[in-house]
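# Secondary and tertiary structure notes
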Amino acid sequence: MSEKRANTKERILLKAYEALLKTGLSETSMEEIAKASDCTRRTLYRYFPSKDELVFEVVIRILEDWNQVQLLIYQDLSGTGFERLEDYLKALVGYMEDRLDTMRFLGTFDYYTQDRSDLQCSSEVFMRFNEISHSSHQYLQQLIELGSADGSLFYAGDLEVLVSTISQVLWSFGQRIAMRGMQIEAEDHVDKMKLIHCQIDLYLQALKVPEGGIQ
């Protein structure tokens, strides 16, 4: 792809994200996205043959940034496996808190796709989306394995299931807080972010090896 085409594609993705975030995934038309991107519908469809494919590409860009942040956090960790896991999870929550608009958008994306079988999206884009959605699992797994090796963490169950559970629950929790944070605070009379920090504390308490070792 030429530099000009690459720049045009990136501009469309940026403007599409802004339009989708403002108006909503279901409500925003390709015509509105083309107008926001300062291009014709014909040009837009040359880059993205369907709205579904464009939406997936927008989310892929968001997840690429998310994974890069996770890598930087992971590389900066130090201490025992438990200490690194604790710092890693809390840093992820901090990142979510600073980007609640993005988390809200991703929550609407989950609702928009919701196991639909009629999505008009190429298999290549689906494959890239699935790959990038799970690529960060390796950091959680490596931290738990490190903690198991140095004796600071213990888990006797299926590690793959544990990693997926932590990732899915925190991701979903972050989306719910982004979408219903004000209602949650009004209903439960508690700061919304304290809820997700409590969830992290529960994981850490369950995994931490007590003083004196495992009985």
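Notes on the structure in this doc start here. What you see is a predicted model; the values in this text were computed from it and never measured.

Basis of the calculations
- Residues numbered from 1 in each chain as written.
- Predicted model: local features only at pLDDT ≥ 70, side-chain atom pairs only at ≥ 80, totals over all residues.
- Heavy atoms only, no water.
- Helix = DSSP H or I, 4+ residues; strand = E, 2+ residues; numbered from the N terminus.
- Contact = heavy atoms within 4.5 Å.
- Expected span 1.5 Å × (residues − 1).
- Buried < 20%, exposed > 50% of the residue type's maximum accessible area, 1.4 Å probe, protein only.
- Axes fitted to C-alpha atoms, helices over the stretch in contact; angles between N-to-C directions.
- Parallel < 35°, antiparallel > 145°, perpendicular 65-115°, else oblique.
- Left-handed = near helix turned anticlockwise from the far one by under 90°.

## Here's the deal with the environment of leucine 153
Residue placement: leucine 153 occurs in the loop between α8 (137-150) and α9 (159-188). Linking leucine 153 and threonine 80, residues 73 residues apart in sequence, is a C-alpha distance of 9.1 Å. Leaving out residues up to four positions away in the same chain, leucine 153 has contacts with Gly81, Phe82, Leu85, Leu143, Ile144, Gly147, Ser148, Leu207, Lys208 and Val209.

## Concerning helix α1 (residues 3-23)
A rise of 1.5 Å per residue sets the reference length of α1, with its 21 residues, at 30 Å; its end C-alpha atoms lie 30 Å apart and thus fit the reference within 8%. Among the residues making up α1, those that are buried are Thr8, Lys9, Ile12, Leu13, Ala16, Tyr17, Ala19 and Leu20. On its buried side, α1 packs onto α2 (30-36), α3 (41-47), α4 (51-75) and α6 (100-113). Following α1 by one or two positions, glycine 24 adopts a phi angle in the positive range, close to 110°.

## Some details on the packing of α4 against α8
Relative to each other, α4 and α8 sit at 20°, their axes nearing to 10 Å. Relative to α8, the element α4 lies roughly parallel. Of the two elements, α4 crosses α8, and the hand of that crossing is left-handed. Together, Asn67, Gln70, Leu71 and Tyr74 of α4 and Tyr139, Gln142 and Leu143 of α8 make up the contact between the two elements.

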